[in-house]
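Summary of structural features
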Amino acid sequence: YMDIDVILLDVNMPGIDGIETLRRIRKTSNIPVIFLATEKDKETLKAATDMGYEDYLSKPLIPTILKEMLHSILGY
């Protein structure tokens, strides 16, 4: 068993997309989720706001912004 502090989830994944993955996660967990999204994915993210994701980052990912976001979400 592994403790997970936060999930970094791409909106655009093959097979089950990020929105459906979040829907499944929310059935059993309130773990913080950060989405990776392109500009065109932002409308999809708006539709997913009721499912409760913490934030999103635009692709391409900027590591320093991810680090700051993780510090904010995790409180360190």
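Attention here is on the structure that accompanies the text. Just so we're clear, the structure is a prediction, and the values are computed from it rather than from any experiment.

Quick notes on the sheet that holds strand β2 (residues 33–37)
An order of β1-β2-β3 is seen for the three strands of this open sheet, with the pairing classed as parallel. Each of the sheet's edge strands pairs with one partner strand only, and the pair in question is β1 (7–10) and β3 (55–58). Adjacent strand axes in the sheet meet at a mean angle of 30 degrees when their direction is disregarded. Here β1 pairs with β2 via four bridges, running parallel. Bridging from a neighbouring strand, Ile-7 pairs with Val-33 of β2.

Considering the pairing of β3
Alignment of β2 against β3, held across four bridges, turns out to be parallel. Among the inter-strand pairings, Ala-37 is bridged to a residue of β3, identified as Ser-58. Note on the crossover from β2 through helix α2 (residues 42–47) to β3: the handedness is right-handed.

A short note on the side chain of Asp-10
Secondary-structure assignment places Asp-10 in strand β1. Here the side chain of Asp-10 touches Asn-12 through a polar contact of 2.9 Å, landing on its backbone nitrogen. A polar side-chain atom of Asp-10 sits 3.0 Å from a polar atom in the side chain of Lys-59. Asp-10 has contacts with Gly-18, Phe-35, Leu-36 and Lys-59, leaving out every residue within four places of it along the chain.

Re the nonpolar core
Ile-7, Leu-9, Leu-22, Val-33, Phe-35, Leu-45 and Tyr-53 are the most contacted members of the largest nonpolar core, which totals 14 residues. Elements represented by at least two residues in this core include exactly β1, α1 (18–26) and β2. With near-sequence residues (within four places) excluded, Leu-22 lies in contact with Leu-9, Val-33, Phe-35, Met-51 and Tyr-53. Grouped together as the second largest cluster of nonpolar side chains are five residues, Leu-36, Leu-57, Leu-66 and Met-69 included.

Considerations on the packing of aromatic side chains
Aromatic ring pairs are described here by two measures, namely the spacing of the ring centres and the angle between the planes. For the structure on display, the rule yields one aromatic pair. Measuring from ring centre to ring centre gives 5.3 Å for Phe-35 and Tyr-53, while their planes differ by 75 degrees; the resulting arrangement is edge-to-face. Here the residue Phe-35 occupies a position in strand β2, and Tyr-53 occupies one in the loop between α2 and β3, the gap between them amounting to 18 residues. Residue Phe-35 is classed as buried on the basis of its relative accessible area, which comes to 0%. Residue classification places Tyr-53 among the buried positions, given a relative accessible area of 17%.

The rules behind each value
- Residues numbered from 1 in each chain as written.
- Predicted model: local features only at pLDDT ≥ 70, side-chain atom pairs only at ≥ 80, totals over all residues.
- Heavy atoms only, no water.
- Pairing = 2+ DSSP bridges.
- Helix = DSSP H or I, 4+ residues; strand = E, 2+ residues; numbered from the N terminus.
- Axes fitted to C-alpha atoms, helices over the stretch in contact; angles between N-to-C directions.
- Right-handed = clockwise from strand over helix to strand, strands pointing away.
- Polar contact = N/O pair within 3.5 Å; in protein donor to acceptor, adjacent residues only side chain to side chain.
- Contact = heavy atoms within 4.5 Å.
- Core = buried A, V, L, I, M, F, W, Y, C linked by side-chain atoms within 4.5 Å.
- Buried < 20%, exposed > 50% of the residue type's maximum accessible area, 1.4 Å probe, protein only.
- Phe/Tyr/Trp six-rings, centres within 6.5 Å; stacked < 30°, edge-to-face > 60°.

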